[in-house]
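The lines below spell out each chain.
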Amino acid sequence: MTLSKESQTFLDNLRIYLFASNKKEDEVNELMEELEDHLYEAEQNGKNVEHIIGKSPKAYMKEIEAEVETDGRFWLIFVPLILLNAFAYLIMNKAIADERDYSMLALIGNPLVFIVTILLLFGMYRFIAANKLSKKVTVMLYIVMGFAPTAMFTGILVADLFIETPMLTISPAMNIAVIIAACIIFIAAALYWKAWISVIVPAVLYIPQVILHFININEQSKLIIILSIIILFSLSLIIWQLRLIKKDN
């Protein structure tokens, strides 16, 4: 079954819109199959996508959105797991370096940034999927979205330097518990998403730091070694992805 470019683009946008609207995946898949059949039949009869959806894709998407059931697992499992996974990355460096002081501003601010980022990202996906935007506008939105979290995290770091907030100091035993908890979070994320990259990435980032912590070399040499490992790992991931794409083609 081959659809026209216009119909296929609409289906892709609708799937993104429903995904960003937190709709149940099985219902979305069933709906997409039915709609694909309707579009194919319409095109075989010389009609276009507007015959099925009307002249406003945005209005049609909102109608479909209201009909598909919301997936409660998004806020109960998916978002908390993302927050925990991201938070584990933030605290792991400090824990490995045995830095046991945490400001309340960072402990509260960083999770809020992740929540705001998720909401902005899903809102952007919905907006792009439901509106016919030029490539320039779409690229600009992605650029802004890319810089927004960095700007917010930087703002927290700068504010933390000038605003005095209560500090949370944990014991050495608690620091070890933090490292263990972060490892458990990485493993749980890998099992839930069925993607071992959630374990491989932190392993590559942090295991060398742990090993170098017990080796008597200067900090500059440690930094060079860690950066070299990260660069080699990144290149390996790129080559692996390119091979997968080539294999699929």
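Above: the structure in question.
Throughout what follows, the structure given in this document is the object of discussion. (Residues numbered from 1 in each chain as written. Predicted model: local features only at pLDDT ≥ 70, side-chain atom pairs only at ≥ 80, totals over all residues. Heavy atoms only, no water.)

1. What to know about the pattern of salt bridges
Here is the rule: Criterion for a salt bridge: a side-chain nitrogen of Lys or Arg within 4 Å of a carboxyl oxygen of Asp or Glu. Relative accessible area decides the class of each residue, using a 1.4 Å probe on protein chains only: under 20% of the type maximum gives buried, over 50% gives exposed, and in between gives partly exposed.
Scanning the model with the defined rule gives 4 salt bridges in all. K94 is the partner of E99 in a salt bridge, and the nearest nitrogen-oxygen pair spans 3.6 Å. What makes E99 partly exposed here is its relative accessible area of 42%.

2. Quick notes on the packing of aromatic side chains
Our working rule: What counts as a ring pair is set by centres within 6.5 Å for rings of Phe, Tyr and Trp (its six-membered ring), and what kind of pair is set by the plane angle: stacked under 30 degrees, edge-to-face over 60, tilted for all other angles. For the purposes of this entry, the term helix denotes a DSSP run of H or I that reaches at least four residues, the term strand denotes a run of E that reaches at least two, and both are numbered from the N terminus.
The full count for this structure, using the stated rule, is 5 aromatic pairs. Look at F10 and Y60: their rings are 5.8 Å apart centre to centre, the planes differ by 55 degrees, and that puts the pair in the tilted class. Of this pair, F10 sits in helix 1 (residues 5-20) while Y60 is found in helix 4 (residues 57-67), placing the two residues 50 residues apart along the sequence. Taken together, the ring pairs in this structure connect Y89, F186 and Y206 into an aromatic cluster.

3. Brief notes about helix 6 (residues 104-130)
Worth spelling out the cut-off: One less than the residue count of a helix, multiplied by 1.5 Å, gives the span that helix is expected to have. Whether two residues touch is decided by their heavy atoms; if any such pair falls within 4.5 Å, the residues are in contact.
The end-to-end C-alpha separation of helix 6 is 39 Å, in line with the 39 Å expected for 27 residues at 1.5 Å each. By the burial criterion, the buried members of helix 6 are A106, G109, N110, V113, F114, T117, I118, F122, M124, I128, A129 and A130. Summarising the contacts, the buried residues of helix 6 are in contact with helix 1, helix 4, helix 5 (73-96), strand 1 (101-103) and helix 7 (135-162).

4. Observations regarding the side chain of N110
Assignment of secondary structure puts N110 in helix 6. With a relative accessible area of 13%, N110 lands in the buried category.

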